[in-house]
Amino acid sequence: MTSDLKPGLRHAQTLQVNDTLTVPAMTPAFAGFSDMPPVFATAFMVGFIEWACIEALCPFLRSHERTVGTHVDVSHVAATPVGMTVTADVELVAVEGRKLRFKVSCRDENGLIGEGFHERAVIDHDKFMARVLAKSGQTGSSPQ
C-alpha cells in the first residue's frame, strides 16, 4: 500500500435495493429465509459496506495487493424496502501496519439503517492464494 494511505480517507457509495438484495433472496443458500420480509438483508448490507471500503482503498493499493475483511461490528437498526436507495459512508480511522479500521454507516432516504466498524487487512494476492491452495491440498495447477 502507498504511504499516503492515512486515517481520514472517506468514501461514499450508493445502491438501489432490488429483489436480489432482500432477505428472501438468501434462500438458495439458507432455506430458513424463505418466509422473511422482503427488505434489504443484513448480509447484503455488510457486503455493501465491505465493497465501499474496497473501493475507497483501490487507489492506495499496489497491483499485487488486495484487502480482506477481518472483523465486522455493525448494527442493522431499520428496514429498507425494495426500491429505496442506500448509501454507505466509510471513513478510515486507523492504519496499524497492514490492519485498516473503518467507521461505517448506511442510510436510506429516511435515515440511518446501520452503523459500526469494519476492519480489513492488506494482503499480497499471490502469497494469500498460495496459502489458500495449500490449505485445500491443491498445488498451483488447475484442479482436475
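Residues numbered from 1 in each chain as written. Predicted model: local features only at pLDDT ≥ 70, side-chain atom pairs only at ≥ 80, totals over all residues. Heavy atoms only, no water.

Novice: Whenever I open this one, helix H1 (residues 42–57) confuses me. Can you help?
Specialist: Because an α-helix completes one turn every 3.6 residues, residues spaced three or four positions apart along the sequence face the same direction. Along its 16 residues, H1 runs 23 Å from first to last C-alpha, staying within 8% of the 22 Å computed at 1.5 Å per residue. Along H1, the residues classified as buried are Met45, Phe48, Ile49, Ala52, Cys53, Ala56 and Leu57. In this fold, the buried residues of H1 make contact with strand E1 (10–16), strand E2 (65–76), strand E3 (85–96), strand E4 (99–108) and strand E5 (111–124). (Helix = DSSP H or I, 4+ residues; strand = E, 2+ residues; numbered from the N terminus. Expected span 1.5 Å × (residues − 1). Buried < 20%, exposed > 50% of the residue type's maximum accessible area, 1.4 Å probe, protein only. Contact = heavy atoms within 4.5 Å.)

Novice: What's the story with the pattern of salt bridges in this structure? I'm lost.
Specialist: Opposite charge on two side chains allows them to pair when their charged atoms are near. Tallied over the entire structure, the rule returns four salt bridges. Between Arg120 and Glu50 there is a salt bridge whose closest N-O contact spans 2.8 Å. Pair noted here: Arg120 is in strand E5 and Glu50 is in helix H1, with a separation of 70 residues, a long-range link. What makes Arg120 buried here is its relative accessible area of 2%. Among the salt bridges present, the one from Glu119 reaches Lys99, with a minimum N-O distance of 3.9 Å. Of the two residues, Glu119 is situated in strand E5 and Lys99 in strand E4; the sequence distance between them amounts to 20 residues. Overall, Lys99 belongs to the partly exposed group, its relative accessible area being 38%. Via salt bridges that share partners, Lys99, Arg101 and Glu119 belong to a single interconnected network. (Salt bridge = Lys/Arg side-chain N within 4 Å of Asp/Glu carboxyl O.)

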